[in-house]
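Examining the three-dimensional arrangement
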Amino acid sequence: MTSNADITNAAAIIRAGGLVVMPTETVYGLAADATNDDAVAKIFEAKGRPRFNPLICHVADAEMAAHYVVVPPLAQKLIDAFWPGPLTLVLPRRADAKLSLLVSAGLDTAAVRAPGHDSARALIRAADRPLAAPSANRSGRISPTTAQHVREGQLLIEPDAIIDGGPCRVGIESTIVKVDGDIATLLRPGGAAREEIERVIGAPLNSPPQADKPLAPGMLASHYAPRATLRLNAAHAEAGEAFLGFGDISGHIKGKDASAAMNLSEASDMREAAANLFRYLRTLDERCQTLGLSAIAVAPIPRDGLGEAINDRLTRAAAPRG
Ligand code: AMP
Ligand code: MG
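What counts and how
- Residues numbered from 1 in each chain as written.
- Chains lettered and ligands numbered in written order.
- Predicted model: local features only at pLDDT ≥ 70, side-chain atom pairs only at ≥ 80, totals over all residues.
- Heavy atoms only, no water.
- Helix = DSSP H or I, 4+ residues; strand = E, 2+ residues; numbered from the N terminus.
- Polar contact = N/O pair within 3.5 Å; in protein donor to acceptor, adjacent residues only side chain to side chain.
- Contact = heavy atoms within 4.5 Å.
- Near = heavy atom within 4 Å.
- Areas by Shrake-Rupley, 256 points an atom, 1.4 Å probe, with all protein chains shown as cover.
- Nonpolar A, V, L, I, M, F, W, Y, C, P; charged D, E, K, R; others polar.
- Expected span 1.5 Å × (residues − 1).
- Pairing = 2+ DSSP bridges.
- Core = buried A, V, L, I, M, F, W, Y, C linked by side-chain atoms within 4.5 Å.
- Buried < 20%, exposed > 50% of the residue type's maximum accessible area, 1.4 Å probe, protein only.
- Arc of directions from axis to C-beta.
- pLDDT = per-residue confidence, 0-100.
- Axes fitted to C-alpha atoms, helices over the stretch in contact; angles between N-to-C directions.
- Phe/Tyr/Trp six-rings, centres within 6.5 Å; stacked < 30°, edge-to-face > 60°.
- Parallel < 35°, antiparallel > 145°, perpendicular 65-115°, else oblique.
- Left-handed = near helix turned anticlockwise from the far one by under 90°.

Note on placement: Asn137 falls in the loop between β6 (131–132) and α6 (147–152). A distance of 2.8 Å separates the side chain of Asn137 from the backbone oxygen of Arg141, its partner in a polar contact. Sequence-distant contacts of Asn137, defined by excluding residues within four places in its chain, comprise Lys47, Ile142, Ser143, Pro144 and Leu155.

By nearness alone, 13 residues border ligand 1, and Arg49, Pro54, Thr109, Ile176 and Arg188 come closest of all. Taking Arg188, its side chain carries an N or O atom lying 3.0 Å from an oxygen atom of ligand 1. Protein chains bury 90% of the 490 Å² of accessible surface belonging to ligand 1 in isolation. Residue assignment for the shell around ligand 1 shows that the elements contributing at least two residues are β5 (109–113) and β9 (183–188). Considered class by class, the residues forming the shell around ligand 1 number 10 nonpolar, one polar and two charged.

Here the focus is helix α9 (residues 307–318). Here α9 spans 16 Å end to end across 12 residues, near enough to the 16 Å set by a 1.5 Å rise per residue. For α9, the secondary structure elements touched by its buried residues are β10 (229–231), α8 (270–291) and β13 (295–298).

Here the focus is the sheet that holds β6. Sheet strands associate in pairs through backbone hydrogen bonding, adopting either a parallel or an antiparallel arrangement. If you trace the nine strands from one edge of the open sheet to the other, you get β7-β1-β2-β6-β3-β5-β4-β8-β9, paired in mixed fashion. Every interior strand has two partners, whereas the edge strands, β7 (161–162) and β9, have only one. Relative to strand β8 (residues 175–180), strand β4 (residues 87–92) is paired through four bridges, and the arrangement is parallel. By the bridge assignment, Leu87 is partnered in β8 with Thr175.

Counting 97 residues, the largest nonpolar core has Phe52, Leu89 and Val177 as the members making the most contacts within it. Sorting elements by how many residues they give to this core places α8 first, with 10 residues. Once residues lying within four places of it in the same chain are set aside, the contact partners of Leu89 are Ala75, Leu78, Ile79, Trp83, Ala110, Ala111, Val112, Val177 and Val179. Counting residues in each nonpolar core, the second largest holds seven residues, with Ala234, Ala237, Ile249 and Ala261 among its members.

Every buried residue of helix α5 (residues 118–127) is listed here: Ala120, Arg121, Leu123, Ile124 and Ala127. With its buried residues spanning 160° around the axis, α5 presents them on a single face. Phi turns positive, to about 60°, at Asp128, one or two residues after α5.

Attention shifts here to the confidence of the model for the chain. Of all residues in the chain, 91% attain a pLDDT of 70 or more, and the chain-wide mean is 91. Here residues 214–223 scores under 50 on pLDDT; set against residues more than four positions off or in separate chains, the count is 15 contacts.

With that settled, consider the sheet that holds strand β12 (residues 261–263). Strand order in the open sheet made by the four strands is β10-β13-β11-β12, with parallel pairing throughout. At either margin of the open sheet sits one strand with a lone partner, and together these are β10 and β12. The mean angle between the axes of side-by-side strands here comes to 20°, regardless of whether they run parallel or antiparallel. Summarising the sheet, strand β11 (residues 241–245) and β13 pair through four bridges and their orientation is parallel.

Right, let's talk about the packing of aromatic side chains for a bit. Taken as a whole and assessed by the stated rule, the structure comprises two aromatic pairs. Pairing Phe44 with Phe52 gives two aromatic rings, centres 4.9 Å apart and planes at 90°, and the pair type is edge-to-face. The same class applies to Phe44 as to Phe52, namely buried. Its relative accessible area of 0% is what places Phe52 among the buried residues. Through successive ring pairs, a cluster of aromatic residues spans Phe44, Phe52 and Phe278.

Moving on, we come to the packing of α8 against α9. The contact between α8 and α9 brings their axes to 9 Å, and the two run at 20°. With respect to their mutual orientation, α8 and α9 come out roughly parallel. Both α8 and α9 take part in a crossing whose hand is left-handed. Note on element contacts: α9 touches α8 through Gly307, Ile310, Arg313 and Leu314, opposite Met270, Ala273, Ala274, Leu277, Phe278 and Leu281. A class-by-class count of the residues in the contact of α8 with α9 yields eight nonpolar, one polar and one charged.

In this section: the pairing of β5. Along β5, five of the five residues are buried, which leaves the element largely enclosed by surrounding structure. In this sheet, β5 lies alongside strand β3 (residues 56–58) in parallel orientation, the contact comprising three bridges. Considered in β5, the bridge of His58 is made with Arg113.

What follows is the structure, given as structure tokens:
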């Protein structure tokens, strides 16, 4: 593992799909190219997260953010007041955004923030990519605020580089505000104070529904579900069903239109399956609409490694909706 990796080297690692631990003013982040599904899947694998929750995309500035998300005037106001700094904005993804769908956990929104740390911004600029970066700790452990914490944090994949920027100045996570037209909702309190945000927008922040209950990570993603019904642990597709396979699926698609079958990973590679999951679900859902199919049959997926998060997402997408 590299210590004090220089920015140029770290940027090359990012562009090649690797993992770099970077300091930010909030906590140390486990960073990967947010436009690369495989690299983003690696983040979830390294953290051992039991579910896919959307990740924050770190950008150099407002101009870079505007390539990926739609920025209404209210969001621009907050950006002007707080960036670079510990305020994350959840905004609609642009239709042409070259962001991984996994980074949004399949949602139509993306969380963006310009970190107030020179090394982080230098890395983003040198890589010329937005960086997905949750805290650089194993799932369930405390967020690291020094490079030494990261080394002790027992990530499940060794990062390709660690940039040591000393202790984090803020030391707590960013505040997350969702902006929907002219409505701003506080999703997570953090390094930017509510009062300061409210002073800038000249109105109180909305609270998310169920503000009395703590938001479990990933809970916000639970709304995404395909229009087609999902039938899990299916040996093969029945008539009227599309098929989402895993591993060897020869013989599982009986006389089906091949365009209604996709394979998350022929090689049974969990990372590849995670990288493909949201894209394939969307594609199959669209094909169900055009082909008049009512359901997607999903092959059994092992629960090891990223399989746990894949199964969690599929189970929630398959749950009955009102
Ligand atoms: P972390 O990167 O671990 O600090 O966590 C990121 C936080 O941002 C999680 O609580 C996510 O649920 C939240 N988040 C990221 N993207 C979105 C989004 N598109 N919509 C709602 N919440 C988001
Ligand atoms: Mg964390």
